[in-house]
Amino acid sequence: MKVYDVIVIGAGPAGLSAGLYAGRAKLDTLIIEKQKYGGQIVITSEIENYPGGTEGETGPSLIERMVKQTEHFGCEKVFDTIQEVELEGDVKVLKGINDEYRAKTVIIAAGANPMPIGCPGEKELTGKGVSYCATCDAGFFEDFEVYVVGGGDSAVEEALYLTKFARKVTIIHRRDELRAAKSIQEKAFKNDKIEFMWDSVVEEIKGDGIVESMVVKNVKTGELTEVTADEEDGTFGIFVFIGYKPQSALFEGKVDMERGYILTDADMKTNIPGVFAAGDIRAKSLRQVVTAAADGAIAAVQAGKYIEEHE
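An account of the accompanying structure is given in this report. (Residues numbered from 1 in each chain as written. Predicted model: local features only at pLDDT ≥ 70, side-chain atom pairs only at ≥ 80, totals over all residues. Heavy atoms only, no water.)

Every buried residue of helix α4 (residues 153–162) is accounted for by A155, V156, E158, A159, L160 and L162. Along its buried surface, α4 packs onto α3 (134–137), β9 (145–149), β10 (168–172), α5 (182–190), β11 (194–197) and β15 (237–240). (Buried < 20%, exposed > 50% of the residue type's maximum accessible area, 1.4 Å probe, protein only. Helix = DSSP H or I, 4+ residues; strand = E, 2+ residues; numbered from the N terminus. Contact = heavy atoms within 4.5 Å.)

Below is the structure:
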């Protein structure tokens, strides 16, 4: 059975970047993706913060170019869902639904997904007013009203960040007090642009191609309130920060993790020799396309070095 130099699990920006660097280094490389190329970025309608990106850049257009680059450098690709992994030893074995794959090194770039609210209209209006990334999308809501769903550290930090752009930020939280660290809470309470909707959850998001209103329920009284966009604005932003879920269940007990995120050093090395992790699945401080791409590049270069040292 064929043994690849590198197998990359996941074809988001981290996985594609790893494939590009591995292929360009003449390593025999396979990228395995379970659904579609691009990961979370394909649901982003506009990208303004990727260095050197073209005007009007979208998630799908950026990913399409990345995919072409990996093809140019000879990466093989396959759609399959890996169900079992054996990562110890010189040859790593990945068992998928359709086939079994072997490699000298593995780069795990399976990503993390933001936890959705799970209400009607959310999926349809994602990227059209509903966002899971303030750093990515805040600029589109300059001088608009925005709502932040959540009450933890990331929700409140992102709300504070959004005040640089939006004219008003309302935090919607299901409890009557925030879960965020006290120091972050204090900043939020002092900020004139931030208001709060306590004991509340979003029940439904409405709009024809763009967010126009949402239904909010008070969890204590059961009362429903419909929040509609300002007439002049025509829309508002809904930023959801109720947690992330790294796609790491497959690797539990196989590599060291913290809260579901894979632990690596600065060279993307896990605790298992020849196994690397890149992108949103690893424990890190910033989850963006630019950091995912950097992780992938580092992981591929280190995989090449590992192979050289073990031949």
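In this section: the pattern of salt bridges. For the coordinates displayed, the defined rule picks out 18 salt bridges. Note that D28 is salt-bridged to K2, the shortest N-O span being 3.2 Å. Taken together, the residues D28 in the loop between α1 (13–24) and β2 (29–33) and K2 in the segment before β1 (3–9) connect sequence positions 26 residues apart. Owing to a relative accessible area of 29%, D28 belongs among the partly exposed residues under this scheme. For K2, a relative accessible area of 42% puts it in the partly exposed group. Its salt-bridge partner being K104, residue D5 comes within 3.2 Å of it at the nearest N-O pair. (Salt bridge = Lys/Arg side-chain N within 4 Å of Asp/Glu carboxyl O.)

For the rest of this paragraph, the subject is the nonpolar core. Counting 28 residues, the largest nonpolar core has V6, V8, L16, I107 and F276 as its most contacted members. Counting residues per element, the ones that place at least two in this core are β1, α1, α2 (59–72) and α6 (289–309). If one sorts the elements of this core by residue count, α6 sits on top with 7 residues. Excluding residues that lie within four positions of it along the chain, F276 makes contacts with T105, V106, I107, I108, D267, M268, K269, T270, A299, Q302, A303 and Y306. (Core = buried A, V, L, I, M, F, W, Y, C linked by side-chain atoms within 4.5 Å.)

In spatial order, the strands read β12-β13-β14; together these 3 strands make up an open sheet with antiparallel pairing. Bordering the open sheet on either side are β12 (200–206) and β14 (224–228), each of which pairs with just one other strand. Sheet twist, expressed as the mean angle between neighbouring strand axes with direction ignored, is 25°. Looking at chain direction, strand β13 (residues 213–218) and β14 are connected through 5 bridges and run antiparallel. Looking across to β14, one finds that M214 is bridged to V227. (Pairing = 2+ DSSP bridges. Axes fitted to C-alpha atoms, helices over the stretch in contact; angles between N-to-C directions.)

So, on to the packing of α4 against α5. Contact pair α4 / α5: the axes reach a minimum separation of 10 Å and the direction vectors enclose 35°. For the crossing formed where α4 meets α5, the hand is left-handed. Residues D153, V156, E157 and L160 of α4 form the contact with α5, whose own contacting residues are I184, K187 and A188. Tallied by class, residues from the contact of α4 with α5 come to 4 nonpolar, no polar and 3 charged. (Left-handed = near helix turned anticlockwise from the far one by under 90°. Nonpolar A, V, L, I, M, F, W, Y, C, P; charged D, E, K, R; others polar.)

For the rest of this paragraph, the subject is the state of the cysteines. Applying the stated criterion across every chain yields a total of 1 disulfide. The thiol of C119 is unpaired, and the distance to the nearest cysteine sulfur, on C133, comes to 19 Å. A residue is classified by how much of its surface remains accessible, and C119, at 10% relative accessible area, is buried. (Disulfide = S-S within 2.5 Å.)

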